[in-house]
Amino acid sequence: IIGPHGGAFSNMVFAKPGTVVVEFIPMYKFSTKPHAGKRTSTYCYYGLSQACGHRYWFVDPENFDFNRGGMVVRVEDVLHIVDDTLKRLR
């Protein structure tokens, strides 16, 4: 399962345990001020993936803003995750 942060990730509950989940989300923005100490739902798909027994990865997109559309994801970052996952399957 791979894609930008959004409600469609909730469908991971129907996937087999061990499924690889790759979410495009800027996690670093939620671990630094002013977000620190505030309740947020942005980690929700990480938590859901762990509860389902999936393997979760995230990729930091460039130019991401929850209030406007569009983002740029480095293909190299995604390919690194795919390569690592394939190595573990062998």
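Residues numbered from 1 in each chain as written. Predicted model: local features only at pLDDT ≥ 70, side-chain atom pairs only at ≥ 80, totals over all residues. Heavy atoms only, no water.

## Here's the deal with the overall build of the protein
Summing up its helical and strand segments, the protein has two helices and three strands in all. When the elements of the protein are put in sequence order from the N terminus, they spell out β-β-α-β-α. Residue pairs in contact within the protein that sit at least 24 positions apart in sequence constitute 59% of those at least 6 positions apart. (Helix = DSSP H or I, 4+ residues; strand = E, 2+ residues; numbered from the N terminus. Contact = heavy atoms within 4.5 Å.)

## Observations regarding the side chain of Glu23
As for its position among the elements, Glu23 is in strand S2 (residues 20-24). Given the relative accessible area of 0%, Glu23 is considered buried. Setting aside chain neighbours within four positions, we find Glu23 in contact with Gly3, His5, Phe9, Tyr45, Tyr56, Trp57, Phe58 and Val59. (Buried < 20%, exposed > 50% of the residue type's maximum accessible area, 1.4 Å probe, protein only.)

## Topic: the environment of Met12
Along the chain, Met12 falls in the loop between strand S1 (2-4) and S2. Put simply, Met12 and Ile1 are eleven residues apart on the chain and 7.5 Å apart in space, counted from C-alpha to C-alpha.

## Focus: the pattern of salt bridges
Summed over all chains, the structure comprises three salt bridges. Its salt-bridge partner being Arg74, residue Asp77 comes within 3.5 Å of it at the nearest N-O pair. Linking Arg88 and Asp84 is a salt bridge whose minimum nitrogen-to-oxygen distance equals 2.7 Å. Highlighted residues: Arg88 and Asp84, both in helix H2 (residues 75-89), separated by four residues, approximately one helical turn. (Salt bridge = Lys/Arg side-chain N within 4 Å of Asp/Glu carboxyl O.)

## Quick word on helix H1 (residues 44-52)
For H1, the full list of buried residues reads Tyr45, Ser49 and Cys52. End-on view of H1: buried residues confined to an arc of 65°, all on one side of the axis. Those residues of H1 that are buried lie in contact with S2 and strand S3 (55-59). Phi for Gly53, located one or two positions after H1, is positive at around 80°. (Arc of directions from axis to C-beta.)

## Observations concerning H2
Note that an α-helix has 3.6 residues per turn; residues three or four places apart therefore point the same way. Its 15 residues give H2 an end-to-end C-alpha distance of 21 Å, which sits within 8% of 21 Å, the value for a rise of 1.5 Å per residue. Three or more residues of H2 are buried, namely Val78, Ile81, Asp84 and Thr85. All buried residues of H2 fall inside an arc of 125° around its axis, so they share one side. The exposed set on the far side of H2, more than 90 degrees from its buried face, consists of Val75, Glu76, Leu79, His80 and Lys87. Lining the buried residues of H2 we find S1, S2 and S3. (Expected span 1.5 Å × (residues − 1).)

## Focus: the environment of Val73
Structurally, the position occupied by Val73 is in the loop between S3 and H2. Sequence spacing of Val73 and Asp60 is 13 residues, and the spatial spacing of their C-alpha atoms is 7.2 Å. Look past the residues within four positions of Val73 in its chain and what remains in contact with it is Phe24, Val59, Pro61 and Val78.

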